[in-house]
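Coordinate inspection notes
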Amino acid sequence: MQAGVLVRARVATALLFLLFGVTLGVWTARIPAIKRDLSLDDGALAVALLAFAAGAITGMQATGRLVDRFGSRRVMLPVAFAEGLVLIPPAYAPGLVTLAAALFVFGAVHGTLNIAMNANAIDVQRAWGAPIMSSFHAVYSIGGFIGASAGGLFAHAGVGPRTTFTAVAGVTVALAAWSAWWALPDAGRPSLGTAPAEARGPVRGVLFLGVLVCCALVGEGAAADWSAVYLRDELDSSAGFAAAAFAAFSVAMTITRLVGDRLTTRFGPVVVVRASGLLAAGGLGAALLVGAPVAGVAGFACLGAGMALIAPQVYSAAGDRNPDAAGRALARVVGLGYLGFLLGPVLIGAASTVVGLPGALAIPVLLALFVAATAPALRPAAATVAALRPPA
């Protein structure tokens, strides 16, 4: 395949990861405005957000077979266009029921795009001949920052969610169109999904990979929901300094993902994931023992750097382990990871009522150690190693 085609394909896939992060970031930034406009209490808002999560999981599980049947490109491109459009209806919802319905649809499209674009990233990585998965996830992190910043700027300017989401939808549709122009064609896929099921291969050996990414995303969910609370309530820091904990986590994660492909090329996925788990566990564990605000920020930064490369490596391993069933493999693995992200903070909150929040935050420390100990599960087969070896 020509180098120019591969470069354009890589850019196209990166644009989808950017789009994915922007839409989620801007939605998150405008949740307070949606809550205020509809006069929702915390319980009602939780119901609406649960509808988004339910839609995302539903979309993930439904997408795997579509990707395996039709190819990642044919699935991800129409869904990428839809991603921007389904962002708009939640801003027009007149009440809780319609908001929950709109968020379920938004979640379903978001979950579908998650699986399809990761499957396409694996296809592009295989054609590229070297690890590039971490760079895609770095672009997603950057997109989330851009989306959240844009949402905050719109809010600061007094612009409502309707105008915000409509403007962002226009940008995401433009990104989807660019991606459609350059995306890697699906190779070897039967037209209109006519291949028999047995020709598309079984899904084997990915359940434990899902467990690994679930463990990792418990830590990510913990940082999102509990880092500021820990610094503010347990360490008596100011509200502004408490917010720095999650900011440090996010920045460290993004920077590490930007250099992650070089690390994977040099050391391999097993060493990278083992070191990642040890960094996350050691950094956050030490911070919990020290119990000082500055140490807390540094600990969550270490957690972000440690978590950064685990999911990209696990997703790559899942897709390469089942090349003919990569969609279904990713659906299982990503779905389990998403459950960890959702349920991890709840587990930590429940545990904190028994052992206190510092003790409960030892849960992601222990899970990171488990990931480090079981990193050899990511060891690729000989065929995968050959496929990803850089050309001489």
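Look up a bit, the structure's there.
Computed from a predicted model, the values in this text were never measured in an experiment.

About the criteria used
- Throughout this document, residue positions are counted from 1 along each chain, in the order its sequence is written.
- Local features in a predicted model are, by the rule used here, given only for residues with pLDDT of at least 70; side-chain atom pairs are given and counted only at 80 or more, and totals for whole chains, interfaces and linings are based on all residues.
- Calculation of side-chain values draws on the structure's entire complement of heavy atoms; hydrogens and water are dropped beforehand.
- Numbering of helices and strands runs from the N terminus, with a helix taken as a DSSP run of H or I at least four residues long and a strand as a DSSP run of E at least two residues long.
- This radius of gyration counts C-alpha atoms alone. The globule rule is 2.2 Å times how many residues there are, raised to the power 0.38.
- Here, residues are in contact when the closest pair of their heavy atoms is within 4.5 Å.
- Values of accessible area rely on a 1.4 Å probe in the Shrake-Rupley scheme; residue burial ignores everything except the protein chains shown.
- Asp and Glu count as negative and Lys and Arg as positive, but His and the ends of the chain are not part of the count.
- The location of each charge is read from NZ of Lys, CZ of Arg, CG of Asp or CD of Glu.
- Under the pairing criterion, centres of Phe, Tyr and Trp rings, with the six-membered ring standing for Trp, must be within 6.5 Å; the plane angle then separates stacked pairs below 30 degrees from edge-to-face pairs above 60, leaving the rest tilted.
- When a residue's accessible area, from a 1.4 Å probe over protein chains only, is under 20% of the maximum for its type it is buried; when over 50% it is exposed; and in between it is partly exposed.
- Every axis corresponds to a line fitted to the C-alpha atoms, with the helix fit spanning only the stretch in contact, and the corresponding angles, defined between N-to-C directions, vary from 0 to 180 degrees.
- Oblique is the label for any angle not covered by the other classes, which are roughly parallel (under 35 degrees), roughly antiparallel (over 145) and roughly perpendicular (65 to 115).
- Here, the term nonpolar core denotes a set of buried Ala, Val, Leu, Ile, Met, Phe, Trp, Tyr and Cys residues that are joined through side-chain atoms within 4.5 Å.
- Crossing handedness follows the turn of the near helix against the far one: under a right angle anticlockwise gives a left-handed crossing, and clockwise gives a right-handed one.
- One axis fitted to the seven residues ending at a residue, another fitted to the seven starting there: the angle between these axes is the bend at that residue.
- Basic side-chain nitrogens of Lys or Arg form a salt bridge, by our definition, when they fall within 4 Å of a carboxyl oxygen of Asp or Glu.
- In this analysis, a patch consists of residues with relative accessible area above 30% that form no salt bridge, clustered at 9 Å for like charges and at 5 Å for the nonpolar side chains Val, Leu, Ile, Met, Phe, Trp and Tyr.
- Count a disulfide wherever a pair of cysteine sulfur atoms falls within 2.5 Å.
- Expected helix span is given by 1.5 Å per residue-to-residue step, counting one fewer step than there are residues.
- Polar contact is defined as a pair of N or O atoms within 3.5 Å, subject to the rule that within protein one atom must be able to donate a hydrogen and the other to accept it, and that residues adjacent in sequence are counted only when both atoms are side-chain atoms.

**Here's the deal with the overall build of the chain**
Regarding its fold elements, the chain presents 17 helices and zero strands. Expected size for 392 residues packed as a compact globule is a radius of gyration near 21 Å; at 20 Å, the chain falls within 12% of this value. Considered along the principal axes of its C-alpha atoms, the chain spans approximately 60 × 50 × 35 Å. Within the chain, contacts between residues at least 6 apart in sequence are counted, and of these 86% link residues at least 24 apart. When the accessible surface of the chain is summed, it comes to about 16,100 Å², and 70% of that surface belongs to carbon and sulfur atoms. Of the charged side chains in the chain, 24 are positive and 16 negative; the average position of the first set lies 11 Å away from that of the second.

**Some details on the packing of aromatic side chains**
Taken as a whole and assessed by the stated rule, the structure comprises nine aromatic pairs. Judged by centre distance (5.6 Å) and plane angle (50°), the ring pair of Phe20 and Tyr140 falls under tilted. Here the residue Phe20 occupies a position in helix α1 (residues 3–29), and Tyr140 occupies one in helix α7 (residues 133–156), the gap between them amounting to 120 residues. What makes Tyr140 partly exposed here is its relative accessible area of 23%. With centroids separated by 5.7 Å and ring planes inclined at 70°, the aromatic side chains of Trp178 and Trp182 adopt a geometry described as edge-to-face. Taken together, the residues span about one helical turn, with Trp178 and Trp182 both in helix α8 (residues 161–182) at a distance of four residues. On the basis of relative accessibility, which here comes to 41%, the residue Trp178 falls in the partly exposed class. Each residue in the set Trp27, Phe52, Phe106 and Phe165 is aromatic and connected to the rest through ring pairs, giving one cluster.

**Quick look at the packing of helix α3 (residues 42–70) against helix α4 (residues 72–85)**
The packing of two helices is summarised by the inter-axis angle and the distance between the axes. Relative to each other, α3 and α4 sit at 125°, their axes nearing to 6 Å. In terms of their interaxial angle, α3 and α4 are classed as oblique. Where α3 approaches α4, its residues Thr63, Leu66, Val67 and Phe70 are matched on the opposing element by Ser72, Arg74 and Val75.

**Things to note about the nonpolar core**
Within the largest apolar cluster, 109 residues are counted, with the highest numbers of intra-cluster contacts made by Leu209, Phe300, Tyr315 and Leu361. Discounting chain neighbours no more than four positions away, the residues touching Leu209 are Val314, Ala317, Ala318, Arg321, Val333, Ala377 and Leu378.

**So, the packing of α7 against helix α10 (residues 239–267)**
Close contact between α7 and α10 brings their axes to 7 Å; oriented N to C, the two are set at 155°. Relative to α10, the element α7 is oriented roughly antiparallel. Crossing of α7 against α10: the hand is left-handed. Within the contact between the two elements, α7 uses Met133, Ser134, Ser135, His137, Ala138, Tyr140, Ser141 and Ile142 and α10 uses Met253, Thr254, Arg257, Leu258, Gly260 and Asp261.

**Details of helix α9 (residues 207–234)**
At Trp226, α9 shows its largest kink, close to 50°. One or two positions beyond α9, positive phi appears at Asp236, with a value near 60°.

**A closer look at the pattern of salt bridges**
Overall, the coordinates contain five salt bridges when judged by the stated rule. Residues Asp37 and Arg36 are paired through a salt bridge, measuring 3.8 Å at the closest nitrogen-oxygen approach. When the shortest N-O distance is used, the salt bridge between Arg328 and Asp68 registers 2.7 Å. Residue Arg328 is located in helix α14 (residues 326–355), and its partner Asp68 is located in helix α3; the two are separated by 260 residues in the primary sequence. Like Arg328, the residue Asp68 is buried in the burial classification. Put simply, Asp123, Arg126 and Asp320 are held in one network by salt bridges that share partners.

**A few points about a nonpolar patch on the surface**
Together, Ile142, Phe145, Ile146, Leu258, Val259, Leu263, Phe267 and Val271 line one region of the surface with nonpolar side chains, adding up to about 700 Å² of accessible area. For the nonpolar patch, the element with the most residues is α10, which contributes four residues. Tracing the backbone shows Leu258 in helix α10.

**Describing the state of the cysteines**
Summed over the entire model, instances satisfying the criterion amount to zero disulfides. Here Cys214 is not disulfide-linked; the sulfur of Cys215 is the nearest cysteine sulfur, at 5.7 Å. Classification of Cys214 by relative accessible area gives partly exposed; the value is 23%. Assessed through its relative accessible area of 9%, Cys215 is described here as buried.

**Comments concerning α3**
Here α3 spans 41 Å end to end across 29 residues, near enough to the 42 Å set by a 1.5 Å rise per residue. At Thr63, α3 shows its strongest bend, of approximately 30°. The backbone nitrogen of Gly43 has a side-chain oxygen 3.2 Å away, supplied by the residue at the start of α3, namely Asp41. Directly after α3, the chain includes Gly71, whose backbone phi takes a positive value near 100°.

**Overview of unusual backbone geometry**
Backbone geometry places Ser39, a non-glycine residue, at a positive phi of 55°. Its location among the elements puts Ser39 in the loop between α2 (31–37) and α3. Ser39 gets classed as exposed once you look at its relative accessible area, which sits at 65%. Positive phi values are uncommon outside glycine, yet Asp236 reaches one of about 60°. Tracing the chain through its elements places Asp236 in the loop between α9 and α10.

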